[in-house]
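Chain residues, written in single-letter form:
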Amino acid sequence: MTTNSLRGRVAVAGIGASEYFRHGGSDESEFAMVLRAILAAAEDAGVEVADIDGFVAYSNDGSNPVRLATALGIRELRLGGMQFGGGGGGSAGHVAIGAAAIAAGLADCVIAYRGCRQGEVGRFGRGVGYGGSGGGPEVSGYDLGGAAMGPYGAFAAPHKYALRATRMMAEHGVGQSTMRAVAMAAYQHARTNPAAVMRHRGLTAEQYDESRWIAEPYHLYDCCQESDAAAAVLLVSAERARSLRRTPVYVLAAGQSGGYRSGAGAENNPDYATAGYRDLTQRLYRDAGVGVADIDSFQIYDNFTAGVVMGLVEMGVCSYAEAGEFLTVANLTAPGGVAPLNTSGGNFAEAYILGMGHHLEAVRQLRGTAPNQVPGAVISAAMGGPMTSLTSGVLYGTEAAL
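Read on for an overview of the structure. Just so it is clear, the structure is predicted and the values come from calculations on it, not from any experiment. Along each chain, residues carry numbers from 1 onward, in the same order as the chain's sequence is written. Only residues with pLDDT of at least 70 are given local features in this predicted model, and only at 80 or more are side-chain atom pairs given and counted; all residues enter the totals for whole chains, interfaces and linings. Note that the side-chain values use all heavy atoms of the structure and ignore hydrogens as well as water.

## Topic: the packing of aromatic side chains
The condition that has to hold: Note on aromatic contacts: the rings of Phe and Tyr and the six-membered ring of Trp form a pair at centre separations within 6.5 Å, being stacked when their planes are under 30 degrees apart, edge-to-face when over 60 apart, and tilted otherwise. Going along the chain from the N terminus, every DSSP run of H or I of four or more residues is numbered as a helix, and every run of E of two or more is numbered as a strand. We call a residue buried when its accessible area falls under 20% of the maximum for its residue type, exposed when it is over 50%, and partly exposed in between, using a 1.4 Å probe and counting protein chains only.
Here the structure, examined in full by the defined rule, presents five aromatic pairs. With a centroid separation of 5.6 Å and 35° between ring planes, the pair formed by Tyr161 and Phe304 is classed as tilted. In this pair, Tyr161 sits in helix 5 (residues 157-172) while Phe304 sits in the loop between strand 12 (297-300) and helix 10 (305-315), placing the two residues 143 residues apart along the sequence. The buried category is assigned to Phe304, whose relative accessible area is 4%.

What follows is the structure, given as structure tokens:
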């Protein structure tokens with residue numbers, strides 16, 4: 001544990017969300033859904049909305065902090081921040097920024113949030129934003145290398161990340177069944193989550209195997225859904241959190257990581273089949289004073305199944321050699337699994353809010369209110385990325401973890 005660690009200094013006092021819809025299902029704007037999530041988080045914490053003094057988002061969220069502050073009647077906006085990094089890579093980095101601001105005295109009550117209304121801004125899976133030539137155009141925040149990849153049909157994120165999945169399978173011998181288990185665990189968790197978009201849809205091995213290819217080796221169910229939704233967490237100092245409505249959930253460690261040339265265009269980064277978690281998780285464990293065996297639930301950004309497999313390996317859950325036997329549906333599902341994964345259904349089956357829902361589920365697990373509760377959960381990990389040029393993560397814990 002380092003002397004400048006965030007461990008136990010900042011806490012989540014409230015969580016909130018809009019209703020979750022499939023893409024195009026919401027009749028509210030993205031901005032309205034974000035406001036709804038913020039109001040719910042403040043109500044959950046028992047905090048006056050006007051006392052919020054900071055907003056932090058990521059992945060070019062369209063709800064500007066100044067506009068949010070104006071709409072909500074905030075007395076003074078002291079922090080308006082954005083975590084850069086593309087897609088879900090920053091989906092835990094914004095919590096790190098908010099927590100650091102509170103620890104440094106730059107703000108007292110910070111909302112970390114994300115909204116996503118693909119019926120309004122366009123569906124990411126259709127390659128929104130691709131420019132087709134030069135300058136590294138982005139698709140949903142992912143630099144696809146522009147002219148270097150477009151002529152070969154790489155117009156959307158599944159095309160790019162299928163290449164990394166293929167490399168992982170070739171280098172480490174990971175089979176399709178391991179990726180299938182990640183998808184099946186998410187859908188199994190969603191069936192008992194009343195908020196999940198896919199709560200009425202299970203997933204069998206046969207359904208997975210027979211589903212259409214999106215970009216080999218990705219079947220349909222290897223890819224996350226597209227949603228209209230918003231979610232938020234409310235951060236305050238640990239001292240203040242203890243006087244509020246909810247039992248605090250503490251930030252044990254938080255941070256970001258970008259490896260050597262991880263952002264090199266046209267797929268030229270030297271460490272290709274990686275989640276980008278190796279350095280990050282070692283730093284998080286050190287700062288929090290814990291190890292992988294102490295983590296009770298793993299909320300890992302699930303854009304594609306291969307990245308989740310890479311992430312679990314790089315977090316130390318198992319080795320690549322063990323992945324086929326260890327990463328099974330039984331081991332990845334709560335309450336009895338040894339590595340409960342995305343226990344609300346995650347991006348795959350709860351809702352795709354670019355990973356914001358993973359933080360709410362991490363908090364629910366530690367409050368003991370999750371729909372698929374891990375008995376006696378004390379520490380939860382919420383990880384952004386994987387496979388992005390900049391990744392991020394937060395370890396959350398109860399009082400017992402301090």
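## Some words on the nonpolar core
Considering soluble globular proteins, one finds that nonpolar side chains tend to be buried as a cluster. Threshold: Nine residue types can take part in a nonpolar core, namely buried Ala, Val, Leu, Ile, Met, Phe, Trp, Tyr and Cys, and a core is a set of them joined through side-chain atoms within 4.5 Å. Every residue pair with non-hydrogen atoms within 4.5 Å of one another is taken to be in contact.
Within the largest apolar cluster, 105 residues are counted, with the highest numbers of intra-cluster contacts made by Met168, Tyr218 and Tyr396. The element that contributes the greatest number of residues to this core is helix 6 (residues 176-190), accounting for nine residues. The contact partners of Tyr218, leaving out residues within four places of it in the chain, are Pro158, Tyr161, Ala162, Ala165, Met179, Trp213, Cys223, Phe304, Thr305, Ala306 and Met387. One finds Cys109, Ile111, Ala232 and Leu244 within the second-largest nonpolar core, a separate group that totals 31 residues.

## As for the side chain of Gln225
Short version of the rule: Residues adjacent in sequence count toward polar contacts only when both atoms are side-chain atoms; beyond that, a polar contact is any pair of N or O atoms within 3.5 Å, and within protein one must be able to donate a hydrogen and the other to accept it.
Among the secondary structure elements, Gln225 is positioned in the loop between strand 9 (218-219) and strand 10 (227-237). Residue class for Gln225 comes out buried when judged on its relative accessible area of 8%. Polar side-chain contacts of Gln225 include one of 3.4 Å to the backbone oxygen of Glu350.

## Remarks on the pattern of salt bridges
Side chains bearing opposite charge may pair, as long as their charged atoms lie close to each other. For the record, the criterion: The term salt bridge refers to a pairing of a side-chain nitrogen on Lys or Arg with a carboxyl oxygen on Asp or Glu at a separation within 4 Å.
Following the criterion strictly, the structure yields 15 salt bridges and no others. Among the ionic pairs, Glu28 bridges to Arg36, the shortest N-O distance being 2.4 Å. Relative accessible area serves as the criterion here: at 22%, Glu28 is assigned to the partly exposed category. We note a salt bridge from Arg278 to Asp271, for which the minimum N-O separation is 2.8 Å. We classify Arg278 as partly exposed; its relative accessible area is 37%. Looking at Asp271, the relative accessible area reads 39%, which means it is partly exposed. What emerges from the salt-bridge pattern is a single network uniting Asp44, Arg246 and Arg367.

In short, shape yes, function no, at least from these values alone.
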